[in-house]
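# Residue-level structure breakdown
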Amino acid sequence: MTASDPRPAIDAVWRTESARLIAGLARFLHDVGLAEEFAQDALVAALEQWPETGIPRNPGAWLTTIAKRRAIDHLRRRERFAANLVELGRNQGVDGVGTAPDAASEQLDSDDIQDDLLRLVFVSCHPVLSTDARVALTLRLLGGLTTEEIARGFLVPESTVAQRIVRAKRTLTKAGVPFEVPAPADRPARIASVLSVIYLIFNEGYAATSGEDWMRPALCEEALRLGRVLAGLLPEDAEVHGLVALMEIQASRMRARTSPTGDPVLLLDQNRARWDRLLINRGLAALERSEALAHPRGPYAMQAAIAACHARARTAEETDWIRIAALYQALALQTPSPVVELNRAVALSMAFGPAVGLELVDTLTGEPSLAAHHLLPSLRGDLLRRLGRDSEAATEFARAATLTKNARERALLAERAAACEAAAHRMQRTGAAAEPSAMDLDSAARRPVTG
Amino acid sequence: MRFMVLVKSDADTEAGVLPSEELLTAMGRYNEELVAAGVLLAGEGLQASQNGARVQWNDGAAPTVVDGPFAEAKELVAGFWILQVKSKAEAIEWAKRCPAPEQGEQVLEVRQIFEMDDFGDAATPEVRESAEALRSKTEKK
């Protein structure tokens with residue numbers, strides 16, 4: 001059977017070719033926005049011609065040829081324009097491209113494409129751009145996603161994403177951001193920016209626990225793919241492998257994170273047989289690569305090491321909480337943050353009992369950055385409950401329920417508040433002890449540790 | 001979504017004939033390309049069926065073991081890739097780029113891997129639970 005509608009096949013070619021195409025064009029145009037425009041022109045040409053002619057044997061080369069032709073025409077026009085201005089004797093304000101069309105054409109054929117992709121990654125995540133703009137531009141230029149797909153993933157109107165992309169390109173041009181790999185001195189900071197954009201995309205998809213929209217899990221897959229691409233481009237960077245390890249291991253739990261009815265399932269209650277062993281093994285391998293490259297571990301590798309502790313435990317009871325608590329302590333030294341401390345409190349409570357955890361949690365109650373967050377009261381509630389202080393636990397769970405923005409989480413917390421309330425009453429009547437309960441380790445553990 | 005791309009056997013793979021150096025090099029480059037694009041999750045080549053066996057069940061009787069080789073070369077699998085991609089078209093696009101021998105037939109079969117959600121509404125919680133129970137049994141080696 002032959003495919004009748006060429007559209008899916010053209011989309012697929014675009015998906016596999018667009019980043020390289022844009023990256024190659026951007027090198028000699030020195031302008032990412034223009035590069036994307038000409039790449040899009042080539043796509044339009046493909047959409048017009050391929051349904052008639054069929055998809056060419058080497059579709060990538062076809063797209064490159066068309067886009068290159070448009071780009072060269074553009075450069076010629078600009079050169080002529082510049083020459084005219086020279087004749088008129090007022091050439092001061094003109095930004096000469098400085099590359100003859102033929103030389104440019106040769107450049108595009110060279111096999112420096114890996115370097116070009118890396119440059120494109122750094123430009124898309126450039127610090128002159130807002131975080132939203134970095135995310136949108138990365139998904140658009142490197143992921144080959146449409147504006148509509150990005151909008152669906154981030155639950156914002158399509159026009160918002162379109163605007164972000166237009167503005168981002170304008171900002172890059174205005175700031176004169178060069179199409180280059182940053183100097184060695186700037187590299188760590190710039191790589192950190194790229195990693196945080198990729199992890200943000202991943203978390204956006206991961207935070208949606210239910211399958212309400214196919215685009216959100218797809219964001220996780222795209223972030224993972226970008227991470228793997230980056231690991232190929234920067235094989236010597238320990239933190240890139242650390243981030244890939246972290247994402248692979250977290251993604252391995254995706255299937256186990258929701259019950260058949262769509263409710264979130266907490267880490268310790270998850271059916272570990274549903275964890276994806278292939279992704280776990282990939283994650284552990286990436287972590288090994290990262291650890292072989294750098295000691296001590298960076299923040300992503302550290303979080304991956306923690307995730308690996310869970311992945312290695314065949315049952316929840318086998319979890320090495322002492323090691324996890326130690327890793328969180330090391331992480332807290334590197335990137336001090338109340339959220340990391342909160343996670344450490346969980347680990348401590350699992351390793352040494354709820355009283356030890358509560359001691360640390362109680363030092364965090366004044367933290368302004370946690371004031372609006374449901375994590376603190378929900379953890380405090382959990383520890384209080386395990387200590388048999390049900391009435392106080394109920395108050396904390398009720399408070400947590402008012403703070404979360406996720407409807408399913410709110411229901412779960414309200415349920416716990418009611419259960420604690422009931423237990424407190426029972427306790428008054430009969431003096432029975434409370435049952436221990438699990439906590440939302442998974443959602444606590446995946447919060448970004450910085451910022 | 002994930003796809004398994006299956007390489008079908010032929011007389012050569014069954015006879016254990018190694019591909020030409022040229023093809024091996026092209027295959028290596030192809031695999032590198034899959035890795036660089038971030039789409040390759042796993043991939044392996046399988047030895048000829050004479051080094052394998054079949055475990056067969058008939059009408060509920062105890063399983064019998066049949067050693068290879070197996071006759072119907074074209075029905076056998078000689079290797080596979082697992083790709084994570086956005087669409088079936090993308091999986092096909094990658095499959096089309098696989099290098100092929102200059103002579104003779106090569107068949108790749110592109111098959112989508114089940115995710116639990118693919119069962120959609122047809123899978124009631126009970127069905128899902130039992131499917132999961134089954135899976136957890138098979139995964140406990």
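Fair warning: this is a prediction, and the values are worked out from it, not measured in the lab. (Residues numbered from 1 in each chain as written. Chains lettered and ligands numbered in written order. Predicted model: local features only at pLDDT ≥ 70, side-chain atom pairs only at ≥ 80, totals over all residues. Heavy atoms only, no water.)

Attention now goes to the interface of chain B and chain A. Contact with chain B, which involves 27 residues of that partner, is made by 27 residues of chain A. Surface buried jointly by chain B and chain A totals about 2400 Å² across both partners, of which 50% is contributed by carbon and sulfur atoms. When the area that chain B buries against chain A is broken down by residue, the three leading residues are Leu41(B), Gln84(B) and Lys86(B), summing to 21%. Across the contact surface, chain B and chain A share 5 salt bridges. (Contact = heavy atoms within 4.5 Å. Buried area = accessible area lost by both parts, 1.4 Å probe. Salt bridge = Lys/Arg side-chain N within 4 Å of Asp/Glu carboxyl O.)

This part is about the packing of helix 1 (residues 7–29) of chain A against helix 3 (residues 88–96) of chain B. One can describe the packing of helix 1 of chain A onto helix 3 of chain B by two numbers: an axis separation of 8 Å at closest approach and a directional angle of 65°. It follows from the interaxial angle that helix 1 of chain A and helix 3 of chain B lie roughly perpendicular. Note on packing geometry: the crossing formed by helix 1 of chain A with helix 3 of chain B is right-handed. Across the interface between the two elements, Pro8(A), Ala9(A), Ala12(A), Val13(A), Arg15(A) and Thr16(A) of helix 1 of chain A pack against Ala89(B), Glu90(B), Glu93(B) and Trp94(B) of helix 3 of chain B. Residues of the contact of helix 1 of chain A with helix 3 of chain B, tallied by class, amount to 6 nonpolar, 1 polar and 3 charged. (Axes fitted to C-alpha atoms, helices over the stretch in contact; angles between N-to-C directions. Helix = DSSP H or I, 4+ residues; strand = E, 2+ residues; numbered from the N terminus. Parallel < 35°, antiparallel > 145°, perpendicular 65-115°, else oblique. Left-handed = near helix turned anticlockwise from the far one by under 90°. Nonpolar A, V, L, I, M, F, W, Y, C, P; charged D, E, K, R; others polar.)

This part covers the UniProt feature "domain: RNA polymerase sigma-70 region" (unreviewed entry) in chain A. Under the UniProt annotation, the feature "domain: RNA polymerase sigma-70 region" (unreviewed entry) is placed at residues 20–80 of chain A. For residues 20–80 of chain A, the helix share is 89%, the strand share is 0%, and the end-to-end C-alpha distance is 29 Å. (UniProt positions renumbered as here; feature names shortened; annotations may be inferred.)

Residue and element names in this part refer to chain A. Summed over the entire model, instances satisfying the criterion amount to 5 aromatic pairs over all chains. Aromatic side chains tyrosine 199 and phenylalanine 202 sit 6.2 Å apart centroid to centroid with 10° between the ring planes, which places their arrangement in the stacked category. One end of the pair, tyrosine 199, and the other, phenylalanine 202, are both in helix 9 (residues 187–207), 3 residues apart, so they sit about a helical turn from each other. Through a chain of ring-to-ring contacts, the aromatic side chains of Tyr199, Phe202, Tyr206 and Tyr300 assemble into a single cluster. Positioned above the aromatic ring of tryptophan 275, the side-chain terminus of arginine 253 is 5.8 Å from the ring centre. Above the ring of tyrosine 206, the side-chain terminus of arginine 257 is found at 3.7 Å from the ring centroid. (Phe/Tyr/Trp six-rings, centres within 6.5 Å; stacked < 30°, edge-to-face > 60°. Lys NZ or Arg CZ within 6 Å of the ring centre and 35° of its normal.)

Let us look at the side chain of Ser252(A). Residue and element names in this part refer to chain A. The topology assignment puts serine 252 in the loop between helix 11 (238–251) and helix 12 (277–293). Judged by its relative accessible area of 1%, serine 252 falls in the buried class. Among residues more than four places away in sequence, those in contact with serine 252 are Arg274, Trp275, Asp276, Leu279 and Ile280. (Buried < 20%, exposed > 50% of the residue type's maximum accessible area, 1.4 Å probe, protein only.)

Bringing the confidence of the model for chain A into the picture now. Of all residues in chain A, 86% attain a pLDDT of 70 or more, and the chain-wide mean is 86. Counting contacts from residues 434–451 of chain A, a segment whose pLDDT is below 50, to residues more than four positions away or on other chains yields 59 contacts. (pLDDT = per-residue confidence, 0-100.)

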